[in-house]
Each structure stands twice: as C-alpha cells, then as structure tokens.
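Here is what each chain is made of, one letter per residue.
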Amino acid sequence: GNVSEAGKKGEPITALIPVHDSRLIIATANRMYLLKGDPADGLLEVLSEETGIIAPYAWARHDGTIVFMSKDGVYVMSGDGYPERFSENRMPEELRSIDVDTHIVLMAYDPVGLGFHLFITPNDGNDMGDYYFIDLGNKAVWPVMFGNNAHQPVAVCRMKNKGLEEVAMLGSDGVWRKFDPKAQDDDGTPIVSFVVLGVILISPNDVDDAVLAELS
C-alpha cells in the first residue's frame, strides 16, 4: 500500500508505529499520517507534510511519547499529536541528512537510563558511527562511544529480566551486549568519559585574576 493525497502518487513507506489498539502511524521519508480505526473504512489523517521518518527502526516509544529521526534531526511527538523538533540548538550537525543507504539507524528507549538511545552505524563496518543518548527531561543530547568497530550496533532490542528491561545491542561481530554502569572497561578497552565546561567568568572584571578553589 501507500499513503498520499487524492490524485497524487504516494512516497514509499519507511516506518510503521502502532499506537494503542486502533491507531497506526504511517511514515514516509517526508510525511507522516495517522490511520484511525479499521484500514478498510478508517480515517487517514495527515500529521505532517514536511517531516517523516528516515528508516524502519529510527524511532522509539515510551508512555505515549515517540522520538524519531527525520532528515533534519530528532523529533518528538505524542501518540495523537504532531511532530515537534527536539531542541534544535542542541542537536549535533551529524544528525542531519543521514544517508540511510550507507547507515543502519536504530533507536531504543532505556528504562534504566530514562532516555532514548540513537545508533547510526555504517554498513561497511570500517568507520566508526555516531551514537547518542537523548535526555528529554534535560533537553540534552549526550555523545556515546564504543570500544571498537565490532561493538557498533546493527540491531537492538529490549531484554526482560527480574528488574527493569535493559537495552541489548547486537554488534557487527555477532555478539549481543548491554550497557553495564558497574563495568570498569569495555571488553578490555578502557572506558573514556569526559565533560566539557564552557567559558565561565569568575572574576568581577577582565583585569583581576581569580582562582577556582572548589568544584562540586
């Protein structure tokens, strides 16, 4: 099937997102529609004529909130609402115009970290991809690094255990892995973690010197 306005040829469908029992979001690369009720006689509503989803698994959902990758970055929407750009001034330039022919784009909600993972893995496995953790509460996008190319995710799922579900990632080497906050290294590779603090004026003017005595 396809989705289009009357008399126009529709674009290829790129993603399907089920919402509750009787709603289905149908996305192309440039548009989004909401199908309500039975497909045979239901209502097809236009959600966006400019924003779509770039790949079948370039979206994730949690408690009625859907986060997805479009051509120009990350968007957020409620199940019955309309897509809104996620904090445009916080999105890295790497999240624009992703080539889906040469990259695998995956997203997953992390109940432990209370955020959304975004994985952009090159198909050839030779180059390192771009990976981020999206924190909706703080409107932040955090970069994530993997130990080596073999760890880069080519598939992702939610794994059930005794506690909260955990995000499991299938690396390009065929091994399933998960994030472990207690790990001291990444399969033998030292974990690199850093924070960048911007310019902070701590003296009353540009002439006097100042000393930072304590940082909490």
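Use the structure listed above.
All residue numbers refer to positions counted from 1 along the written sequence of the respective chain. For a predicted model such as this one, the threshold for reporting local features is a pLDDT of at least 70, and the threshold for listing and counting side-chain atom pairs is 80 or more; totals across whole chains, interfaces and linings nevertheless cover every residue. The basis for every side-chain value is the complete set of heavy atoms in the structure, and neither hydrogens nor water enter the calculation.

S.K.: Hey, could you run me through the packing of aromatic side chains in this one?
M.R.: The geometry of two aromatic rings is summed up by the distance between their centres and the angle between their planes. Only centres within 6.5 Å qualify two rings of Phe, Tyr or Trp (six-membered ring in Trp) as a pair; their planes then separate them into stacked at under 30 degrees, edge-to-face at over 60, and tilted for everything else. Under the defined criterion, the tally for this structure stands at six aromatic pairs. A centroid spacing of 6.1 Å and a plane angle of 55° characterise the contact between F119 and Y131, whose relative ring orientation is tilted. Taken together, the positions of F119 in strand β10 (residues 115-122) and Y131 in strand β11 (residues 130-135) put the pair twelve residues apart, joining distant regions of the chain. Note on F119: relative accessible area 1%, which makes it buried. Helical segments are the DSSP runs of H or I of at least four residues, strand segments are the runs of E of at least two, and each set is numbered from the N terminus. The classification of residues rests on relative accessible area computed with a 1.4 Å probe and restricted to protein chains. Under 20% of the type maximum is buried, over 50% is exposed, and intermediate values are partly exposed.

S.K.: Any chance you could explain the nonpolar core here in plain terms?
M.R.: Considering soluble globular proteins, one finds that nonpolar side chains tend to be buried as a cluster. Definition of nonpolar core: a set of buried residues of the types Ala, Val, Leu, Ile, Met, Phe, Trp, Tyr and Cys, connected through side-chain atoms within 4.5 Å. Residues I25, M69, V74 and L118 are the most contacted members of the largest nonpolar core, which totals 35 residues. Beyond its immediate stretch of four places on either side in the chain, V74 contacts V67, F68, M69, E84, R85, F86, M91, L95, L118 and I134. Of all hydrophobic cores here, the second largest spans seven residues; its members include L106, F119, Y131 and V167. The contact definition used throughout considers only heavy atoms, calling two residues in contact when any of these lie within 4.5 Å.

S.K.: What am I meant to see in the sheet that holds strand β8 (residues 84-85) here?
M.R.: Within a sheet, neighbouring strands are paired by backbone hydrogen bonds and run either parallel or antiparallel to one another. One open sheet holds the four strands; their spatial order is β5-β6-β7-β8, and the pairing between them is antiparallel. Because the sheet does not close on itself, it has two edges, and the strands there are β5 (59-62) and β8. By this definition, two strands are paired if DSSP reports at least two bridges between them. The pairing of strand β6 (residues 65-70) with strand β7 (residues 73-78) spans six bridges and is classified as antiparallel. Within β7, the position partnered with V67 by the bridge is V76.

S.K.: Can you help me understand the pattern of salt bridges in this one?
M.R.: Side chains carrying opposite charge are able to pair once their charged atoms draw close together. By definition, a salt bridge exists where a carboxyl oxygen of Asp or Glu is found within 4 Å of a side-chain nitrogen of Lys or Arg. Applying the stated criterion across every chain yields a total of five salt bridges. Across the pair R158 and E165 runs a salt bridge, and its minimum N-O distance is 2.8 Å.

S.K.: Help me understand the environment of G115, please; the structure alone is not making it clear to me.
M.R.: The topology assignment puts G115 in strand β10. Taking relative accessible area as the criterion, G115 reaches 1% and is therefore assigned buried.

S.K.: Hey, could you run me through the sheet that holds strand β3 (residues 32-36) in this one?
M.R.: If you trace the four strands from one edge of the open sheet to the other, you get β1-β2-β3-β4, paired in antiparallel fashion. Two strands bound the open sheet, and with one partner strand each, they are β1 (13-19) and β4 (43-48). Each neighbouring strand pair of the sheet contributes to a mean axis angle of 25°, computed without reference to strand direction. Bridge analysis of β3 against β4 gives five bridges, and the strand direction is antiparallel. Residue K36 lies in a different strand from β4, and its bridge partner there is L43. An axis is simply a line fitted to the C-alpha atoms; with a helix, the fit covers only the stretch in contact. Between two such axes, the angle follows the N-to-C directions and lies from 0 to 180 degrees.

S.K.: What is the right way to look at the layout of surface pockets in this model?
M.R.: Gaps between atoms show up when a probe of the same size as a water molecule is rolled over them. Put simply, the largest pocket is a space of about 1400 Å³. Contributing to the lining of the largest pocket are 35 residues, with V144, M145, F179, D180 and I191 lying nearest its centre. At five residues, the largest contribution of residues to the lining of the largest pocket is made by strand β14 (residues 166-171). We place a 1 Å grid over just the protein atoms. Points where a 1.4 Å probe fits but has no way out form a cavity, open points with protein on both sides within 12 Å along at least 5 of 7 lines form a pocket, and any residue with an atom within 4 Å of a point lines it. Lining of the second largest pocket is provided by Y57, W59, A60, R61, L106, M107, A108, Y109, A155, V156, C157 and R158. Listed by contribution, the elements that provide at least two residues to the lining of the second largest pocket are β5, β9 (103-110) and β13 (153-159). Its residues assigned to classes, the lining of the second largest pocket shows ten nonpolar, no polar and two charged. Grid points are joined across faces, edges and corners, and a volume is the space filled by probe spheres set on the points. Any residue outside Ala, Val, Leu, Ile, Met, Phe, Trp, Tyr, Cys, Pro, Asp, Glu, Lys and Arg is labelled polar, Gly included; the first ten of those are nonpolar and the last four are charged.

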